[in-house]
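# A structural walkthrough
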Amino acid sequence: MIKTRFAPSPTGYLHIGGLRTALFSWLWAKRNSGNFLLRIEDTDLARNSQEAVDAILKAFNWVGMSYDGEAIFQSKRFDLYQKYIDQLLKEGKAYKCYMSKDELSELRESQMARGERTRYDGRYRDFTGTPPEGVEPVIRIKAPQEGDIVFNDGIKGEITIASTEVDDFVIARADGTPTYNFVVAIDDALMGLTDVIRGDDHLYNTPKQIVVYEALGFKLPNFYHVAMINNEHGKKLSKRDGATDVMEYKTLGYLPEALLNFLVRLGWSHGDQEIFSIEEMIELFDPKDINKSSSNYNLDKLLWLNAHYIKNKPHIELAELLVDFGVDIRTHDKKDLILNATKERGKTLVELAEQINMILNAPVEYNAKNFKKAFKADTEEILSLFVELLKRAELNEVADYHKVIESVVEQREIGFGKIGQPLRVSLLGSMTGSGLDEIMAIVGRDEVLLRVQRALDYKRGI
RNA sequence: GGCCCCUUCGUCUAGCGGUUAGGAUCCAUGGUUUUCAUCCAUGUUACAGGAGUUCGAGUCUCCUAGGGGUCACCA
């Protein structure tokens, strides 16, 4: 059975890049009817927080991804890790290193000065003498000293790293707590993971983890290292480039299905297909189709996808979602009419809410320029006729409002724009927006009369 | 700096030795629409550069350049 995982360290919100690798892992597990597991990497007691764990869970919940079984917290497994540290010590595969931090940094500086890669020199690897006093030792693992560490990456192919690039790294700190690369390897193995899909910033951790796997006799999983997401200029994605927190997208009015669709196509593709429902993603996703190269983050497509999903969302759900954006039309008797009139005009829920508010609420003020442009010398007369006809008209459906406008156009022998423009400004305060017939049908006769009258009063007041 | 990875339209990508290098988005234009949006149509734009291998290279090899990653008692 395929088992994948997402293993965030709880130091902040869920990052957009993290969500993508989580999505890939989740899809691959689902595709194979396998398990998608969650592990919280909180070995650094000082840096992680419960809020961060909650934030990650909240984001998962928002996009509709769920993990199998219980989440595993590494901070609760120190006893387990200790067992393996003792084992390696006993087997002579790890050793105590009494080098002080000062000595270490001194070593690094001299290596740097010579233009070398900084690495531990193995001075306590075969140490048998009397340990220096006053130094709490760290535990280092014995990494191979010659040859190459080779592994097959499911995305990048065969990766070869010289053993000289991997030093005897620390697996337990002076205070006894285990370090990242050590516990990751143990947990990945113990959790029975078959496929590890992660960002390629972990590529260099892989040989280190392989050292642990081999020392402990664990079976290697398949590794997939997904290239990073950069900003639109190809540089590292940072907060300055816009939203990096997944939950920010909710606030900005994006639908989770749009975000997921956007992210799944960043680095992965299936022929020419652009739109993927969750079901299709699960059916079609395969890490072998993931791109080797990094991709640049650009909002254009997300916006387009979001518009697409808004247009196709059931009204009942849209109405529910809009509540968070200050528009509650859940029980409005013209809900469908409102949404039909507006949903093709809003690329985000924020914009959709604006469109709806524009119709539901009478304009507070008119744009002076627009007003002047729309209200010509004969406008007052035209609108007055419109008011007269509207008062007497039988209004049952959208088309009936259209008939009133048509009558005005016919009687006065004018173009639609002659009445359309000023009417629009009267109703919305704006020159653009939904169809007039629909707007009027939504607000109803009395409100239309009110708004037109108000505009006419305003006109006289100028 | 050492090591590793990457490089097709502005952006996301298809391509897996023989294609007029395809799709999507963006942008522009036209159509539909009383307006805007939607929708439809059309158009502009790409194989980083240079050497090889081959009858033939975006596809294979090497070099150069550019970009990214990584070098902790962080994860």
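As a reminder, the structure under discussion sits directly above these lines.
Residues numbered from 1 in each chain as written. Chains lettered and ligands numbered in written order. Predicted model: local features only at pLDDT ≥ 70, side-chain atom pairs only at ≥ 80, totals over all residues. Heavy atoms only, no water.

We now examine the protein's contact with RNA strand B. The full set close to RNA strand B counts 61 residues, and Arg173, Gly267, Asn296, Glu344 and Arg345 are the nearest of them. In the model, a sugar or linking oxygen of RNA strand B is placed 2.8 Å from a nitrogen or oxygen of the Ser9 side chain. Here Gly435 contributes a backbone N or O atom positioned 3.5 Å from a base oxygen of RNA strand B. Residue composition of the surface near RNA strand B, by class: 14 nonpolar, 22 polar and 25 charged. (Near = heavy atom within 4 Å. Polar contact = N/O pair within 3.5 Å; in protein donor to acceptor, adjacent residues only side chain to side chain. Nonpolar A, V, L, I, M, F, W, Y, C, P; charged D, E, K, R; others polar.)

In spatial order, the strands read E4-E5-E8; together these three strands make up an open sheet with antiparallel pairing. The sheet is open, and its two edges are formed by strand E4 (94-97) and strand E8 (170-172), each paired on a single side. Neighbouring strand axes in the sheet, compared pairwise and without regard to direction, differ in orientation by 45° on average. For E4 and strand E5 (residues 138-141), the ladder comprises four bridges, and the chain directions are antiparallel. For Cys97, the partnering residue across the bridge sits in E5 and is Val138. (Pairing = 2+ DSSP bridges. Helix = DSSP H or I, 4+ residues; strand = E, 2+ residues; numbered from the N terminus. Axes fitted to C-alpha atoms, helices over the stretch in contact; angles between N-to-C directions.)

What follows concerns the pattern of salt bridges. For the coordinates displayed, the defined rule picks out 26 salt bridges. The partner of Asp188 in a salt bridge is Arg39, with the nearest N and O atoms 2.7 Å apart. Separated by 149 residues along the polypeptide, Asp188 in helix H5 (residues 180-190) and Arg39 in strand E2 (residues 35-40) bring together distant segments of the chain. Between Lys403 and Asp400 there is a salt bridge whose closest N-O contact spans 3.5 Å. Of the two residues, Lys403 and Asp400 are both situated in helix H16 (residues 398-412); the distance of three residues between them amounts to about one turn of the helix. Overall, Asp400 belongs to the buried group, its relative accessible area being 10%. Among the charged side chains, a salt-bridge network with shared partners connects Arg5, Arg39, Glu41, Arg77, Asp187 and Asp188. (Salt bridge = Lys/Arg side-chain N within 4 Å of Asp/Glu carboxyl O. Buried < 20%, exposed > 50% of the residue type's maximum accessible area, 1.4 Å probe, protein only.)

Among the nonpolar cores identified, the biggest contains 101 residues, and Leu259, Phe386 and Leu423 are the most heavily contacted of them. Looking at which element gives the most residues to this core, the answer is helix H1 (residues 16-31), with nine residues. Leaving out residues up to four positions away in the same chain, Leu423 has contacts with Leu383, Phe386, Ile405, Leu436, Met440 and Val452. Counting 34 residues, the second largest nonpolar core, distinct from the first, contains Ile85, Ala143, Met191 and Val212. (Core = buried A, V, L, I, M, F, W, Y, C linked by side-chain atoms within 4.5 Å. Contact = heavy atoms within 4.5 Å.)

The next thing to look at is the packing of aromatic side chains. In this structure the tally under the stated criterion is 17 aromatic pairs. Where Phe78 meets Tyr81, the ring centres are 6.3 Å apart and the plane angle is 55°; that geometry is what we call tilted. Taken together, the residues span about one helical turn, with Phe78 and Tyr81 both in helix H3 (residues 78-90) at a distance of three residues. Summarising the aromatic geometry, the rings of Tyr366 and Tyr458 are spaced 4.9 Å apart at their centres and angled 45° between planes, so their arrangement reads as tilted. Taken together, the residues span a long stretch of sequence, with Tyr366 in the loop between helix H13 (349-360) and helix H14 (368-374) and Tyr458 in helix H19 (residues 445-461) at a distance of 92 residues. (Phe/Tyr/Trp six-rings, centres within 6.5 Å; stacked < 30°, edge-to-face > 60°.)

Let us now look at the sheet that holds E2. Strand order in the open sheet formed by three strands is E1-E2-E3, and the pairing between neighbours is parallel. Looking at the sheet topology across the chains shown, the edges are occupied by strand E1 (3-6) and strand E3 (72-73). Looking at chain direction, E1 and E2 are connected through four bridges and run parallel. Residue pairing across strands places Lys3 opposite Asn35, the latter belonging to E2. Its contacts with the sheet place H1 against E1 and E2, and it is angled at close to 160° to E1.

The next thing to look at is the pairing of strand E7 (residues 157-162). Look at any regular strand and the pattern is simple: side chains alternate between the two faces of the sheet. Where strand E6 (residues 148-153) and E7 come together, six bridges link them in antiparallel fashion. Bridge pairing in E7 places Ile149 opposite Ile161. Hairpin connection between E6 and E7: a loop of three residues separates the two successive antiparallel strands.

Among the secondary structure elements, Ala143 is positioned in the loop between E5 and E6. What makes Ala143 buried here is its relative accessible area of 2%. Along the backbone, Ala143 and Lys93 are 50 residues apart, and their C-alpha atoms lie at a distance of 8.5 Å. Those residues in contact with Ala143 that sit more than four places away from it in its chain are Arg125, Val166, Asp167, Asp168 and Val211.

As a further point, take the side chain of Gln355. Within the fold, Gln355 resides in helix H13. You can call Gln355 buried: its relative accessible area is 15%. Each residue touching Gln355, except ones within four places of it in the same chain, is listed here: Thr342, Arg345, Gly433 and Ser434.

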